[in-house]
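# An overview of the molecular structure
In case you want the letters, here they are:
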Amino acid sequence: AVSYPIILSDRLEVVLALPNQPLSHYRTKIPNADLENTLDQFFVAFNPVLPERRRLQFSQQLYDWLVRPAEANLEQHHIQTLVFVPDGKLRNIPMAALHDGQQYLIENYGVALTPGLELMGPHFAPAQPLEALILGVSESRQGFSPLPGVKDEVETISANLKQSQVYLDQAFTKQAFEDQVKATPYPILHLATHGQFSSDLASTFLLAWDQTISLADLDTLLNDRRIQASHPIELMVLSACQTAEGDERATLGLAGMAIKSGARSTLATLWSVNDESTVQLINHFYNALGETSTSTTKAEALRQAQLSLLNTPNYSHPFYWAPFVLIGNWLA
């Protein structure tokens, strides 16, 4: 099912698209300023030191506005995945952490984001082998803090994939990155390094060992790969990056970059994530994606990975699992 929440000056409108059904919609009368204030407070409430009661209050309120009116239809049509086309500040909240009073949304549905189905609809293509180009920076560079979990992440992922090439720390130079993206036809590009995505081009970058990689550099490089090769990037994973806090266009700005570059889906985070929990989540994600006995979609693989943290006492707080968002193609 596809949900299109639309923020207007005096209300929130939600258009719902169900398979083989006419569009339906429902609305909540609420001034724009009140809605945005709720969204701001919900985002802040993910700080683990704040009371759970406060976060759940906002989480349940947003669930009541965005999802509860559709519950009966979703159940009747056996919906497994909810795809949101979010508007305004809704782009920067973790939909997976909405709460119905009993469970988080992710406990019942896979969740994905897209800027619009006409741009990033699902690609019905055969599942690709789990082969990846993996690059990471674990040490402190250019004023950024070290990411010690990156070494474990890179080693664990590469050991579990069918085939991979790894460039870690000194090996992950900007030149090596450019050369390997052009030369390596692997369907997965995994980047475990500092980075930030913003609607401001000057504030958007990835960190290589020797220098930063700008959005323009990345866009040109991936677009060349799409044009010159018959092997587009099916999945780009940005495990240590974040979207710019408070920038309501940052998350889907990343999706826009993915569209232009030909990357069919992107896994990114809404805020700076915990090093150790990220290793566990990413490992579960790839394990689920590589499960050969069932046809697991990317949305379901992320759901299983998030549930693995939800069910781990040390990482059950949504601060650890909620920031991971899948943008674009949610299928194979």
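Here, every reference points to the structure presented above.
Below is a short write-up of the structure.

### Here we look at the pairing of strand S8 (residues 188-192)
The two faces of a sheet get side chains in turn, since along a regular strand they alternate between them. Of all five residues making up S8, five are buried, and the element is well covered by its neighbours. By the alternation rule, side chains of S8 split into Ile 188, His 190 and Ala 192 and Leu 189 and Leu 191, which are all buried. Of the pairings in the sheet, the one linking strand S6 (residues 131-136) to S8 comprises five bridges and is parallel in character. If you follow Leu 133 over to S8, its bridge partner there is Leu 189. Summarising the sheet, S8 and strand S12 (residues 235-238) pair through four bridges and their orientation is parallel. Residue His 190 lies in a different strand from S12, and its bridge partner there is Val 237.

### Focus on the pattern of salt bridges
Throughout the structure, instances matching the rule amount to eleven salt bridges. Asp 217 is paired through a salt bridge with Lys 174; the nearest N and O atoms lie 2.7 Å apart. Of the two residues, Asp 217 sits in helix H7 (residues 215-228) while Lys 174 sits in helix H6 (residues 174-183), which places them 43 residues apart along the sequence. In this structure Asp 217 comes out as partly exposed when scored by relative accessible area, which is 26%. A salt bridge links Arg 303 to Glu 300; the shortest N-O distance between them is 3.1 Å. Taken together, the residues span about one helical turn, with Arg 303 and Glu 300 both in helix H10 (residues 298-310) at a distance of three residues. One network of salt bridges, with partners in common, ties together Asp 10, Arg 11, Glu 13 and Arg 27.

Here is what the cut-offs are and how they apply
- Residues numbered from 1 in each chain as written.
- Predicted model: local features only at pLDDT ≥ 70, side-chain atom pairs only at ≥ 80, totals over all residues.
- Heavy atoms only, no water.
- Buried < 20%, exposed > 50% of the residue type's maximum accessible area, 1.4 Å probe, protein only.
- Helix = DSSP H or I, 4+ residues; strand = E, 2+ residues; numbered from the N terminus.
- Pairing = 2+ DSSP bridges.
- Salt bridge = Lys/Arg side-chain N within 4 Å of Asp/Glu carboxyl O.

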